[in-house]
Amino acid sequence: MERGINEQKMSNSKHVCSPLASHFKLRSKQCPSSDEEKDEMKKVSYASAVGSLMYVMVYTRPDIAHAAGVVSRFLSNPGKEHWSAVK
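Residues numbered from 1 in each chain as written. Predicted model: local features only at pLDDT ≥ 70, side-chain atom pairs only at ≥ 80, totals over all residues. Heavy atoms only, no water.

### Overview of the packing of helix α3 (residues 46-59) against helix α4 (residues 65-72)
Note the cut-off: With axes taken as lines fitted to C-alpha atoms, and helix axes fitted only over the stretch in contact, angles between N-to-C directions fall between 0 and 180 degrees. Secondary structure follows DSSP: runs of H or I at least 4 residues long count as helices, runs of E at least 2 residues long count as strands, and numbering of each begins at the N terminus. We call two directions roughly parallel when the angle between them is under 35 degrees, roughly antiparallel when it is over 145, roughly perpendicular when it lies between 65 and 115, and oblique otherwise. Working rule for handedness: look at the near helix, and if it is turned counterclockwise from the far one by less than a right angle, call the crossing left-handed; if clockwise, right-handed. A contact between two residues is defined here by any heavy atoms of the two lying within 4.5 Å.
Viewed as axis vectors pointing N to C, α3 and α4 meet at an angle of 155 degrees, and their least axial separation amounts to 10 Å. Regarding the angle of α3 to α4, the classification is roughly antiparallel. The two elements α3 and α4 meet at a crossing, and its hand is left-handed. Contacts from Y46, V50, L53, M54 and M57 in α3 reach A65, A68, V71 and S72 in α4.

Spelled out as structure tokens, the structure:
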């Protein structure tokens, strides 16, 4: 598990009690629309991080199933808010 956290460069992420904190209201409107925003988000390993969440969900943490499902909806075009929710 520690390898996955460091691999995603999320060792300094904030911990929350709820798998998907209530202040995250993820919508498709938050997806990047300009080429500049899309290029910036291409630098983020969003799909890999969501894949790691799915792995953890299946093997050790079924309580994060809802949160993993929500963030996986935006795999094709994630925005900054989506990335914050994954972290």
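And the narrative resumes.
### Observations regarding the pattern of salt bridges
To be explicit about the condition: Think of a salt bridge as a Lys or Arg side-chain nitrogen and an Asp or Glu carboxyl oxygen that are within 4 Å of each other. Any residue under 20% of the maximum accessible area for its type is buried, any over 50% is exposed, and the rest in between are partly exposed; the area is computed with a 1.4 Å probe on protein chains only.
Summed over all chains, the structure comprises 2 salt bridges. One salt bridge connects E40 with K80, and the closest N-O pair in it is separated by 3.3 Å. Of the two residues, E40 is situated in helix α2 (residues 35-42) and K80 in helix α5 (residues 80-86); the sequence distance between them amounts to 40 residues. Of the residues examined, E40 reaches a relative accessible area of 37% and is grouped as partly exposed.

### Brief notes about the nonpolar core
Which entries qualify depends on this criterion: Here, the term nonpolar core denotes a set of buried Ala, Val, Leu, Ile, Met, Phe, Trp, Tyr and Cys residues that are joined through side-chain atoms within 4.5 Å.
The biggest cluster of nonpolar side chains holds 12 residues, and these are L26, C31, M41, Y46, A49, V50, V70, V71, F74, W83, A85 and V86. Put simply, the parts of the chain that give this core at least two residues each are α3, α4 and α5. Sequence-distant contacts of V71, that is, excluding residues within four places in its chain, are made with L26, Y46, V50, L53, A85 and V86.

### Section: α4
Heads up, the rule is: The directions considered for the arc run from the helix axis to the C-beta atoms.
Within the sequence span of α4, burial applies to A67, A68, V70 and V71. Considered in projection along α4, the buried side chains sweep an arc of 160 degrees and stay on one side of the axis. Buried-residue contacts for α4 involve α3 and α5.

Structural measurements only, silent on function.
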